[in-house]
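Next come the chains, spelled out residue by residue.
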Amino acid sequence: MTIAVRPMHPVFVGEVSGVDLRQPMTASEVEALTAAINQHAVLVFHGQAIDDAQQQAFSRNFGDLETTVRAYRSDFIPRLDLHMADISNLDENNKILPKNDRRRLNALGNRLWHSDSSFKRVPARFSLLSARVIPSWGGETQFADMRAAWDALPDRMKARLEGLICEHTQLFSRGRIGFTDWSEEELAKMAPVPQVLVRTHPGSGRKSLFLSSHAGRIRGMEEPEARMLLMDLNEFATQPQFVYTHQWQVGDLVMWDNRCTMHRAREYDETEARDMHRTTVSDGVPTVLDQAA
């Protein structure tokens with residue numbers, strides 16, 4: 001295969017051609033795609049009619065996969081393999097979830113800007129989302145480049161942010177939309193975890209904001225001041241010049257780097273199925289070392 005990447009946005013996002021994700025990757029192909037995502041942060045692959053096993057095999061070229069087992073109650077019946085995140089509005093019988101189903105209400109939090117798994121001690125490196133069924137309108141995914149946002153910050157703000165450590169938990173993000181239906185076993189797994197606010201992206205060497213709706217505190221800062229600062233940063237970092245909106249087609253697979261982007265889903269017709277399957281590659285190491293944590 002001859003892999004080519006076409007820029008889709010002035011500051012990030014590349015459209016990849018010349019690759020069939022159903023086939024095993026050679027070392028040189030993995031190297032080329034790694035270089036591409038290090039540059040573009042978001043890669044778009046069209047026309048990829050893959051199944052879950054093929055998606056997992058492709059994703060493992062880039063690291064170990066996360067599982068979703070910790071995110072659910074013990075009586076949860078998964079629709080997909082535990083290495084697949086079920087980004088759909090479907091139940092275990094492939095029926096559309098009722099409007100009052102707690103799984104649907106929880107998933108509404110995906111419409112907030114976030115970085116996947118920032119609520120985990122070891123956050124996500126890459127996410128890979130495959131469109132299997134899409135609704136007739138809506139359901140776009142928006143991405144924001146946190147490296148470009150950092151570059152555009154005033155020097156005084158950069159100096160203020162360096163060295164700050166935030167605390168992330170889904171309790172913060174879901175609390176923003178009024179979702180509080182958690183079991184005791186879920187709450188026990190959701191203690192806030194520390195994440196740096198500014199990180200250096202290892203693939204590009206560029207500094208990046210590490211923001212997410214899951215962030216709700218900044219250590220050493222009064223909570224109202226911390227929340228206001230995080231709100232201001234989120235507003236700044238998601239200005240139109242930093243944002244790409246992906247209009248999904250069946251067969252699209254989008255791969256993004258959670259270390260230097262945020263993303264969010266958009267509203268769609270929930271009387272129709274939206275079936276998206278995500279694999280998530282762990283970053284392997286925490287952003288805050290044990291001693292500092």
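All values derive from a computational prediction rather than experimental measurement.

(A) Fine view of the environment of Asp116. With respect to the helices and strands, Asp116 occurs in the loop between helix 3 (102-107) and strand 5 (124-133). Residue classification places Asp116 among the buried residues on the basis of a relative accessible area of 4%. Taking the C-alpha atoms as reference points, Asp116 and His263, 147 residues apart in sequence, are found 8.6 Å from one another. Beyond its immediate chain neighbours, meaning those up to four positions away, Asp116 contacts Ala124, Ser127, Trp256, Asn258, His263 and Arg278. Reaching out from Asp116, the side chain makes a polar contact with the side chain of His114 at a distance of 3.4 Å.

(B) Representation of the nonpolar core within the structure. The biggest cluster of nonpolar side chains holds 24 residues, and the ones touching the most others in it are Leu161, Leu197, Leu209 and Leu211. Listed by contribution, the elements that provide at least two residues to this core are helix 4 (146-152), strand 11 (215-218) and helix 8 (223-237). Of all the elements, helix 8 adds the most residues to this core, at five residues. Ignoring any residue separated from it by four or fewer positions in sequence, one finds Leu209 in contact with Met146, Ala149, Trp150, Leu153, Leu161, Leu197, Ala237 and Arg259. Among the nonpolar cores identified, the runner-up in size contains 19 residues, and Leu21, Leu43, Leu65 and Phe126 belong to it.

(C) Broad picture of the sheet that holds strand 11. Ordered by their spatial adjacency, three strands build an open sheet running 8-7-11, and the pairing between neighbours is antiparallel. This sheet does not close on itself; its edge strands, each paired only once, are strand 8 (193-196) and strand 11. With direction set aside, neighbouring strand axes in the sheet form an average angle of 40°. The pairing of strand 7 (residues 165-168) with strand 11 spans three bridges and is classified as antiparallel. Across the sheet, the residue bridging to Glu167 is Arg217, located in strand 11. Across the sheet, helix 8 touches strand 7 and strand 11, and the angle it forms with strand 11 is around 130°.

(D) Fine view of unusual backbone geometry. The phi angle at Ala41 is positive, at roughly 70°, despite the residue not being glycine. A positive phi is found at Ser117, a non-glycine position, where the angle reads about 65°. Checked against the element boundaries, Ser117 lands in the loop between helix 3 and strand 5. Assessed through its relative accessible area of 4%, Ser117 is described here as buried.

(E) Focus on the sheet that holds strand 2 (residues 14-17). The seven strands are arranged 1-2-3-13-5-15-4 in an open sheet whose pairing can be described as mixed. Each edge of the sheet is formed by a strand with only one pairing partner; in this case those strands are strand 1 (4-7) and strand 4 (85-88). Strand-to-strand twist of the sheet, defined as the mean angle between neighbouring strand axes without regard to direction, takes the value 25°. Taken together, the three bridges between strand 2 and strand 3 (residues 42-45) define a ladder with parallel strand orientation. If you follow Glu15 over to strand 3, its bridge partner there is Val44. Packing against the sheet, helix 1 (residues 27-40) makes contact with strand 1, strand 2, strand 3, strand 5 and strand 13 (253-257), and its axis sits at approximately 125° to strand 3. Docked against the sheet, helix 2 (residues 52-59) engages strand 3, strand 5, strand 13 and strand 15 (275-282), running at close to 25° with respect to strand 15.

(F) Region of interest: the pattern of salt bridges. Enumeration over the complete set of coordinates arrives at 25 salt bridges. Via salt bridges that share partners, Arg125, Arg199, Asp257, Arg259 and Asp283 belong to a single interconnected network.

(G) Up close: the side chain of Arg264. Mapped onto the secondary structure, Arg264 falls in strand 14 (residues 261-265). One polar contact links Arg264 to Gln142, side chain to side chain, over a distance of 2.8 Å.

(H) Local environment of the layout of surface pockets. By volume, the largest pocket amounts to about 240 Å³. Lining the largest pocket we find 14 residues, and of these Arg176, Ser213, Leu230, Met231 and Asn234 sit closest to its centre. When residues of the lining of the largest pocket are traced back to their parent elements, those giving at least two are strand 11 and helix 8. For the lining of the largest pocket, the element with the highest residue contribution is helix 8, accounting for five residues. Of the residues that constitute the lining of the largest pocket, the class distribution is five nonpolar, four polar and five charged.

Rules and cut-offs
For every chain, the first residue of its written sequence is number 1, and the numbers climb from 1 along that sequence. In keeping with the model being predicted, local features are shown solely for residues with a pLDDT of at least 70 and side-chain atom pairs are shown and tallied solely at 80 or more, while totals for entire chains, interfaces and linings include all residues. Excluded from the side-chain calculations are hydrogens and water; all other atoms, namely the structure's heavy atoms, are used. Under the scheme used here, helices are H or I runs from DSSP no shorter than 4 residues and strands are E runs no shorter than 2 residues, and both carry numbers assigned from the N terminus. Here the term buried applies to any residue with accessible area under 20% of the maximum for its type, exposed to any over 50%, and partly exposed to those in between, with areas from a 1.4 Å probe on protein chains only. In what follows, a contact means two residues having at least one pair of non-hydrogen atoms within 4.5 Å. Nitrogen and oxygen atoms within 3.5 Å of one another constitute a polar contact, given that in protein one can donate a hydrogen and the other can accept it, and given that sequence-neighbouring residues count only through two side-chain atoms. We define the nonpolar core as a collection of buried residues of types Ala, Val, Leu, Ile, Met, Phe, Trp, Tyr and Cys that are connected through side-chain atoms lying within 4.5 Å of one another. A pair of strands is considered paired only if DSSP assigns at least 2 bridges between the two. Axis lines are fitted to C-alpha atoms, over the contacting stretch for helices. Their N-to-C directions set the angle, which ranges from 0 to 180 degrees. Any carboxyl oxygen of Asp or Glu within 4 Å of a side-chain nitrogen of Lys or Arg constitutes a salt bridge here. Here a cavity denotes grid points, spaced 1 Å and computed from the protein atoms alone, that fit a 1.4 Å probe unable to get out, and a pocket denotes an open set having protein on both sides within 12 Å along at least 5 of 7 lines; residues with an atom within 4 Å of a point are the lining. Grid points are joined across faces, edges and corners, and a volume is the space filled by probe spheres set on the points. Gly counts as polar in this scheme, as do all residues outside two lists: the nonpolar Ala, Val, Leu, Ile, Met, Phe, Trp, Tyr, Cys and Pro, and the charged Asp, Glu, Lys and Arg.

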